[in-house]
Amino acid sequence: MNNFTYYAPTRVVFGKGTENEVGKLINEQLTSVSKKVLLHYGSGSVKKTGLLDKIKKSLDDAGISYVELGGVVPNPRLTTVRKGITLCKEKGVDFILAVGGGSVIDSAKAIGYGATNDFDVWEIFEKRAKPAKCLPIGVVLTIAASGSEMSNSAVITNEDGWKKRGSNFDICRPRFAIMNPELTMTLPEYQTMCGSTDILMHTMERYFTSQGNMQITDGIAESLMRTVIDNTRILLKNPNDYDARAEIMWAGSLSHNDLTGLGNGGNDFASHRLEHEIGGMFDVAHGAGLAAIWGTWARYVYKDCLPRFKKFALNVWNVGNSGSDEEIALKGIEAVENFYREIKMPTNLRELGINPTDEQISELAKKCAVSTGGKVGSAKVLYEEDMKKIFENAR
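What comes next is a walk through the structure. (Residues numbered from 1 in each chain as written. Predicted model: local features only at pLDDT ≥ 70, side-chain atom pairs only at ≥ 80, totals over all residues. Heavy atoms only, no water.)

**As for a nonpolar patch on the surface**
Reasoning step 1: A contiguous nonpolar patch, built from Met1, Phe4 and Tyr6 and spanning about 340 Å² of accessible area, is present on the exposed surface.
Reasoning step 2: Secondary-structure assignment places tyrosine 6 in the segment before strand E1 (11-14).
Reasoning step 3: Here tyrosine 6 falls in the partly exposed class, since its relative accessible area comes to 37%. (Patch = residues over 30% accessible without salt bridge, like charges linked within 9 Å, V, L, I, M, F, W, Y side chains within 5 Å. Areas by Shrake-Rupley, 256 points an atom, 1.4 Å probe, with all protein chains shown as cover. Salt bridge = Lys/Arg side-chain N within 4 Å of Asp/Glu carboxyl O. Helix = DSSP H or I, 4+ residues; strand = E, 2+ residues; numbered from the N terminus. Buried < 20%, exposed > 50% of the residue type's maximum accessible area, 1.4 Å probe, protein only.)

Encoded structure:
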């Protein structure tokens, strides 16, 4: 067991109709007489469903003024972040309300950095500067996936070079997260399945480590993964099952608020960093990109982390304790890939719909190496040549 610090300050308001409480929650956060909120959202679904009108009414009833910035897309763009920064400074915004999923929340966090620090926000994502401040952020969650509603992470794509980069600072953790599972029922099946994949991966990235373990953390992680698997299968058959939606939504938050990696020295996140480059270059859905790269990564590293892969196969996938440790571990990897196929996720880059050239493979590996400082991984430390081989094998 390793030392750890656990910090999860976000207030969660969970259940039906909770979006109507947003005005009250913001008022509890702000003491200024003149309150101005940036209402930040995506490409229009929050308008079509009537959610945005509900939120505006709640803000109006609470006496809170607001300005709007929509148009956030998957793999959120730096240009939109910079628009938000300008808007916040011009209008005197003192709170950001993100209405959407991980892309909107991450964009809000980046805007919060840029509006309060005296350097270009991209410096944070290139690891050349550390933010001292961030505008306070609240969330009305509409997609269960990224866990950004309780995490300290944000990922932004810079169209100049199509670089997808992440940052992790506790000052961006949302003050509150409103989570009504009903709001996720309008999602297309593909987006729901991508979300479940991302949730699974956030715990799997913490689970596969060669640096120790903690029994209670492993138990929480394994239970969470089984819960996601079971309830994703339910949603595949009945997307309007409220209880399954609720299980998935809460799992998404717990999977990425650090709970499932405490004390085990984990945080491999190599698959995420590899996928960031795929997403940056080809603009694919994040969950699908993770599914496409994971199996290849797992087969590349499992021998260096064999006890964990065996435990994963037995305790999460119940493959049966017969055969060698290596055979059991490989059965676990196969079980993950079979599950991805079951929920219509890709298991390689070809199934993802892309076919990188040799030159693009080299570029992906180089970008990944640069963004990670030359190496990444806890199950097995990967260097640029390893990254290149994984990209090649995933085609």
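Next comes the rest of the description.
**Let's talk about the environment of threonine 296**
Reasoning step 1: Tracing the backbone shows threonine 296 in helix H11 (residues 286-301).
Reasoning step 2: In this structure threonine 296 comes out as buried when scored by relative accessible area, which is 12%.
Reasoning step 3: It is 6.5 Å that separates the C-alpha atoms of threonine 296 and asparagine 393, two residues lying 97 residues apart in sequence.
Reasoning step 4: Once residues within four sequence positions are removed from consideration, threonine 296 is found in contact with Ile390, Asn393 and Ala394. (Contact = heavy atoms within 4.5 Å.)

**Regarding the packing of aromatic side chains**
Reasoning step 1: Going through the model one piece at a time under the given rule, you end up with 17 aromatic pairs.
Reasoning step 2: Summarising the aromatic geometry, the rings of tryptophan 122 and phenylalanine 125 are spaced 5.9 Å apart at their centres and angled 20 degrees between planes, so their arrangement reads as stacked. Placement of both tryptophan 122 and phenylalanine 125 in helix H6 (residues 122-125) is noted, with a separation of three residues, approximately one turn of the helix. One exposure class covers both tryptophan 122 and phenylalanine 125, and it is buried.
Reasoning step 3: A ring pair is formed by tryptophan 294 and phenylalanine 312, whose centres lie 6.4 Å apart and whose planes are at 55 degrees; its orientation type is tilted. In this pair, tryptophan 294 is assigned in helix H11 and phenylalanine 312 in helix H12 (residues 306-315), connecting sequence segments 18 residues apart.
Reasoning step 4: Put simply, the rings of Tyr207, Phe208, Trp294, Trp297, Tyr302, Phe309, Phe312, Trp317, Phe339 and Tyr340 pair up and form one aromatic cluster.
Reasoning step 5: We note lysine 16 situated over the ring of tyrosine 242; from NZ or CZ to the ring centre the distance is 4.6 Å.
Reasoning step 6: Over the ring of tyrosine 207 we find arginine 308, and its NZ or CZ is 4.3 Å from the ring centre. (Phe/Tyr/Trp six-rings, centres within 6.5 Å; stacked < 30°, edge-to-face > 60°. Lys NZ or Arg CZ within 6 Å of the ring centre and 35° of its normal.)

**Concerning the sheet that holds strand E5 (residues 137-141)**
Reasoning step 1: Strand order in this open sheet of six strands is E1-E8-E5-E4-E2-E3, and the pairing throughout is parallel. Each of the sheet's edge strands pairs with one partner strand only, and the pair in question is E1 and strand E3 (65-69). Averaged over all adjacent pairs, the angle separating strand axes in this sheet is 20 degrees, with direction ignored.
Reasoning step 2: Pairing analysis gives four bridges linking E5 to strand E8 (residues 176-179), with the strands arranged parallel. When the sheet's bridge partners are listed, valine 140 is paired in E8 with isoleucine 178.
Reasoning step 3: Across the sheet, helix H3 (residues 51-61) is in contact with strand E2 (36-41), E3, strand E4 (95-100) and E5; its angle to E3 comes to roughly 155 degrees. (Pairing = 2+ DSSP bridges. Axes fitted to C-alpha atoms, helices over the stretch in contact; angles between N-to-C directions.)

**Points about the pairing of E5**
Reasoning step 1: Burial analysis of E5 places five of its five residues in the buried class, which makes it a mostly covered element.
Reasoning step 2: Side chains Ile137, Val139 and Leu141 of E5 all project onto a buried face; the interleaved residues Gly138 and Val140 project onto the opposite face, where all are buried too.
Reasoning step 3: The pairing of E4 with E5 spans five bridges and is classified as parallel. When the sheet's bridge partners are listed, valine 99 is paired in E5 with valine 140.

**A short note on the pattern of salt bridges**
Reasoning step 1: Per the counting criterion, the structure on display carries 25 salt bridges.
Reasoning step 2: A salt bridge links lysine 380 to aspartate 304; its shortest N-O distance comes to 3.7 Å. Note that lysine 380 is positioned in the loop between helix H15 (358-371) and helix H16 (384-393) and aspartate 304 in the loop between H11 and H12, a separation of 76 residues in sequence.
Reasoning step 3: Note on lysine 380: relative accessible area 22%, which makes it partly exposed.
Reasoning step 4: A single network of salt bridges, built from pairs that share partners, joins Arg11, Glu21, Lys24 and Glu28.

**Looking at the nonpolar core**
Note on soluble globular proteins: their nonpolar side chains tend to be buried together.
Reasoning step 1: Met204, Phe208, Trp294, Trp297, Phe309 and Phe312 are the most contacted members of the largest nonpolar core, which has 96 residues in total.
Reasoning step 2: When sequence neighbours within four positions are dropped, the list of residues in contact with phenylalanine 309 reads Phe208, Trp294, Trp297, Ala298, Val301, Tyr302, Ala329 and Ile333.
Reasoning step 3: Judged by nonpolar contacts, the second largest core, of 21 residues, contains Leu52, Ile55, Ile64 and Val140. (Core = buried A, V, L, I, M, F, W, Y, C linked by side-chain atoms within 4.5 Å.)

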